[in-house]
Amino acid sequence: MDETLKAVYAQRRARLAAQLGPSGVAVIPTAPERGRNRDSDFPYRHDSYFFYLTGFTEPQACLVLTSEGRNALFCLPKDLDREIWDGYRLGHEAAPQALGVDEAFSSADLKSKMPQWLENRSSVWFPFATHEGLATQIEAWLTQVRARVRFGAQCPAQQNDVCALLDEMRLVKDGHELATMRQAARISAGAHVRAMQSSARMLRLGQDVREYHLEAELLHEFRRHGSQFPAYTSIVAAGSNACVLHYRADAAPLRAGQLVLIDAGCELNGYASDITRTFPADGHFTPPQQALYELVLASQEASVQATRPGARFTDPHQAAVRVLAQGLLDEGLLVRDQVGGLDDVIEKRAYFPFYMHRTSHWLGMDVHDCGSYVEPGNSDSGGSRRDPISGELILDRPSRILRPGMVLTLEPGLYVRPASNVPEQFWNIGIRIEDDAVVTESGCELITRDVPVSVRDIEALMRD
Ligand code: GLY
Ligand code: MN
Ligand code: MN
């Protein structure tokens, strides 16, 4: 790790340390390894909180950090026998120099050393929700500290969720994060271009094209640019499969005249990208496809305009919904006599059968990144109401105010299932358009537009 990067992680640790209160200590383990079957593990992926503070990707590691900023990494020790099987380990002796942490110990020493780190501290901070068994482990260490109270030791009286602090920090991306996310976005955009062009070319050549062929193109492009993994399971959905929101890439054939929806993004150096494009398998939109596509694109454009500092997180969604609802009325998918006017459609959520998800989520190390969607400090204000469709009690807390450096997706869509009250020309059309937006000082920047989005540009790309 170069000195600049070491300084980035050191600065994050210092910012966290400053929020631990007097005499606090934080314990942040990385993710466990997960077995797939017998001797096979799932590919290892570090814990995002841990990585955010260390940049370290090996398993079986843990960071300990005090309010005063003292920190130690526990990590796997060098072991040449194990390294023959599992590969290189940094080892705790090299860790301080390599990563810029103060001290490092073997992970085998964590259990014996932790009671000392907890002793005479007033609070202990750790992730409450992400590490199964950690609370029990902490409790066992605290029990050891309590056993020493009669010898003068103080046991932490408070336990706090360190993620509450880290979520806020992670919500606003720093320069290093934004640079990585831009690079991930560029790679993913290139992968979408490659998949679109492959689809048209293979159909032109009369080849059998399946969803998995396009998934292979995506993976090829991700990997050849150094991406470690897809940021989530890729969706490649031909025709009516696009109406299944969590469809995966399966084996359905792609046919001329059908739309294909691809929702795929790579993870690069710990950061996700998340792009959806919907395009005609053979590169030519039919008139009904184009009508709905232009509608979704217009709704996305409205959401882009609504994404700026000072706006609320829900503003892009409301802007997109307004355009979609009007379009559904105009195209006859909603009938005014039955559902009323635009405001009725929005209030009663009559658009819901065609648009049933939110327009945005935070994006960062995790594809659905952490960070509260409610503005902090206002959590008691706002009323409550019943959702008109599910009946769920909704607390109307003030939505998050957007600030420069926040990153969110803008991903409106329309999904039309066959139904007797829906014009048949629209049946089985599923469209989503998703870009990644960085909130800037004056608005937002879409970092995923290296893949075309207009009808004209998509058709041109697929012709060439
Ligand atoms: N690909 C996951 C999402 O769009 O939310
Ligand atoms: Mn998304
Ligand atoms: Mn997506």
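Structure shown above.
Residues numbered from 1 in each chain as written. Chains lettered and ligands numbered in written order. Predicted model: local features only at pLDDT ≥ 70, side-chain atom pairs only at ≥ 80, totals over all residues. Heavy atoms only, no water.

1. Describing the packing of helix α10 (residues 287-305) against helix α11 (residues 314-330)
And then number 1: In contact at an axis separation of 7 Å, α10 and α11 are set at 155° when each is read in the N-to-C sense. Comparing the axis directions of α10 and α11 gives the class roughly antiparallel. When you trace α10 past α11, the crossing you get is right-handed. Of the residues in α11, those touching α10 at Leu295, Val296, Ala298, Ser299, Ala302 and Ser303 are Pro316, Ala319, Ala320, Val323, Leu324, Gly327 and Leu328.
And then number 2: Of the residues assigned to the contact of α10 with α11, the class counts are 10 nonpolar, 3 polar and no charged. (Axes fitted to C-alpha atoms, helices over the stretch in contact; angles between N-to-C directions. Helix = DSSP H or I, 4+ residues; strand = E, 2+ residues; numbered from the N terminus. Parallel < 35°, antiparallel > 145°, perpendicular 65-115°, else oblique. Left-handed = near helix turned anticlockwise from the far one by under 90°. Contact = heavy atoms within 4.5 Å. Nonpolar A, V, L, I, M, F, W, Y, C, P; charged D, E, K, R; others polar.)

2. A look at the sheet that holds strand β12 (residues 266-268)
And then number 1: An order of β9-β12-β13 is seen for the 3 strands of this open sheet, with the pairing classed as antiparallel. The two strands at the open ends of the sheet, each matched to only one other strand, are β9 (229-230) and β13 (271-272).
And then number 2: Here β12 runs beside β13; their pairing, made up of 2 bridges, is antiparallel. Bridging from a neighbouring strand, Leu268 pairs with Tyr271 of β13.
And then number 3: Taken strand by strand, helix α8 (residues 175-204) contacts β12 and β13, and its axis lies near 145° from that of β12. (Pairing = 2+ DSSP bridges.)

3. Thoughts on the site of ligand 1
And then number 1: Looking at ligand 1, the residues that line it are Tyr232, Asp263, Asp274, His361, His368, Glu411 and Glu434.
And then number 2: His361 is positioned with one of its side-chain polar atoms (N or O) 3.0 Å from an oxygen atom of ligand 1.
And then number 3: Within the side chain of Glu411, an N or O atom sits 3.1 Å from an oxygen atom of ligand 1.
And then number 4: Taken by itself ligand 1 offers 190 Å² of open surface, and the protein chains cover 83% of this.
And then number 5: Classifying every residue of the shell around ligand 1 gives 1 nonpolar, 2 polar and 4 charged. (Near = heavy atom within 4 Å. Polar contact = N/O pair within 3.5 Å; in protein donor to acceptor, adjacent residues only side chain to side chain. Areas by Shrake-Rupley, 256 points an atom, 1.4 Å probe, with all protein chains shown as cover.)

4. A closer look at the pairing of strand β8 (residues 158-161)
And then number 1: Judged from the 4 bridges that link them, strand β7 (residues 123-126) and β8 form a sheet pairing that is parallel. Of the residues in β8, the one forming a bridge with Trp125 is Asn160.
And then number 2: Considered for its hand, the β-α-β crossover made up of β7, helix α6 (residues 134-146) and β8 is right-handed. (Right-handed = clockwise from strand over helix to strand, strands pointing away.)

5. Quick notes on the state of the cysteines
Disulfide: a covalent bond connecting the sulfur atoms of a pair of cysteines.
And then number 1: All told, the structure shown has 0 disulfides when counted by the stated rule.
And then number 2: Among the cysteines around Cys163, which has no disulfide bond, Cys370 carries the closest sulfur, lying 7.9 Å off.
And then number 3: Residue classification places Cys163 among the buried positions, given a relative accessible area of 6%. (Disulfide = S-S within 2.5 Å. Buried < 20%, exposed > 50% of the residue type's maximum accessible area, 1.4 Å probe, protein only.)

6. Focus: the sheet that holds strand β11 (residues 259-264)
Strands pair in a sheet through their backbones, by hydrogen bonds, and they do so in one of two ways: parallel or antiparallel.
And then number 1: The strand order β10-β11-β14 describes an open sheet built from 3 strands, whose pairing is antiparallel. Both outer strands of the open sheet, β10 (235-238) and β14 (275-280), are each paired with one neighbouring strand and no more. Across the sheet, the axes of successive neighbouring strands diverge by a mean angle of 10°, strand direction being ignored.
And then number 2: Where β10 meets β11, 4 bridges bridge the pair, whose relative direction is antiparallel. In the strand pairing of β11, Val236 is matched with Ile262.

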